[in-house]
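These are the residues of each chain, in order.
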Amino acid sequence: MEAEELCRRSLAITEENVRCQTARWSKSWRPCQNRKGLEAKIRLNQIPISSALAHLAAVCEEQQKYVEAEPLRRRSLEIKEGAWGERYLPSFADSLAAHANVLHKIGREREAAEIDKRVDTIRLRHPDGSARCFLRTTARPIDKNLWWRFSTFLSVVLHHSRFPPSSR
């Protein structure tokens, strides 16, 4: 019960944070700029809400509150679909499978079977380990100002295992 309450508080905080960011971006976005760019940015900004919903749904499932978990899973999926569009990722298939599992638990077999087919289609297109990574490069030189140097130094000190020792 305590875990559920903490997850609900986390969801409320995340939703408030996203709402404030969205309001700030909407105010500062100039009309001459691309409105579609703003909408895409806002949709991607909703992903933390989706994660918080999925965590809360998992807690409800642990407590066998499947009827409460189903709308949480559905809303989480709607947010992910809105943010990612048609770019189905293996992690999206996992979210779909979790939603289908909840539907099976509450006896909505027909809906669950449709989602299971969709999961199979995605996993056929993207088998485990086939996720693609994209690297964006720029032709501009990196501005190595004082802040950049300080943050790099701090990263080396705090996360020294990420940086191989120099061979001198």
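To be clear, the structure that these remarks concern was listed above.
**Focus: the side chain of S76**
Step number 1: Mapped onto the elements of the fold, S76 is located in helix α4 (residues 66-84).
Step number 2: We classify S76 as buried; its relative accessible area is 4%.
Step number 3: Setting aside anything within four residues of it in sequence, one finds S76 in contact with S50, L53 and A54.

**Concerning the pattern of salt bridges**
Step number 1: Counted according to the given criterion, the structure contains eleven salt bridges.
Step number 2: Between E68 and R8 there is a salt bridge whose closest N-O contact spans 3.4 Å. You can see E68 sitting in helix α4 and its partner R8 sitting in helix α1 (residues 2-28), a full 60 residues away along the chain.
Step number 3: Across the pair R19 and E16 runs a salt bridge whose closest N-O atoms are separated by 2.5 Å. A residue pair is termed a helical-turn pair when its members lie 3 or 4 positions apart in one helix, as R19 and E16 do in helix α1 at three residues.
Step number 4: Owing to a relative accessible area of 36%, E16 belongs among the partly exposed residues under this scheme.
Step number 5: Each member of the salt-bridge network shares a partner with another, and the members are E4, R8, K65 and E68.

**A closer look at the state of the cysteines**
Step number 1: Throughout the structure, instances matching the rule amount to zero disulfides.
Step number 2: Free of any disulfide, C7 has its nearest cysteine sulfur in C60, 8.3 Å distant.
Step number 3: On the basis of relative accessibility, which here comes to 17%, the residue C7 falls in the buried class.
Step number 4: What makes C60 buried here is its relative accessible area of 0%.

**Regarding the side chain of T22**
Step number 1: As for its position among the elements, T22 is in helix α1.
Step number 2: By relative accessible area, which is 16% here, T22 ends up buried.
Step number 3: Residues in contact with T22, not counting those within four places in the same chain, are I42, N45 and Q46.

**Looking at unusual backbone geometry**
Step number 1: For Q64, which is not a glycine, the phi torsion comes out positive at approximately 60°.
Step number 2: Mapped onto the elements of the fold, Q64 is located in the loop between α3 (47-62) and α4.
Step number 3: Q64 gets classed as exposed once you look at its relative accessible area, which sits at 60%.

Thresholds applied
Residues numbered from 1 in each chain as written. Predicted model: local features only at pLDDT ≥ 70, side-chain atom pairs only at ≥ 80, totals over all residues. Heavy atoms only, no water. Helix = DSSP H or I, 4+ residues; strand = E, 2+ residues; numbered from the N terminus. Buried < 20%, exposed > 50% of the residue type's maximum accessible area, 1.4 Å probe, protein only. Contact = heavy atoms within 4.5 Å. Salt bridge = Lys/Arg side-chain N within 4 Å of Asp/Glu carboxyl O. Disulfide = S-S within 2.5 Å.

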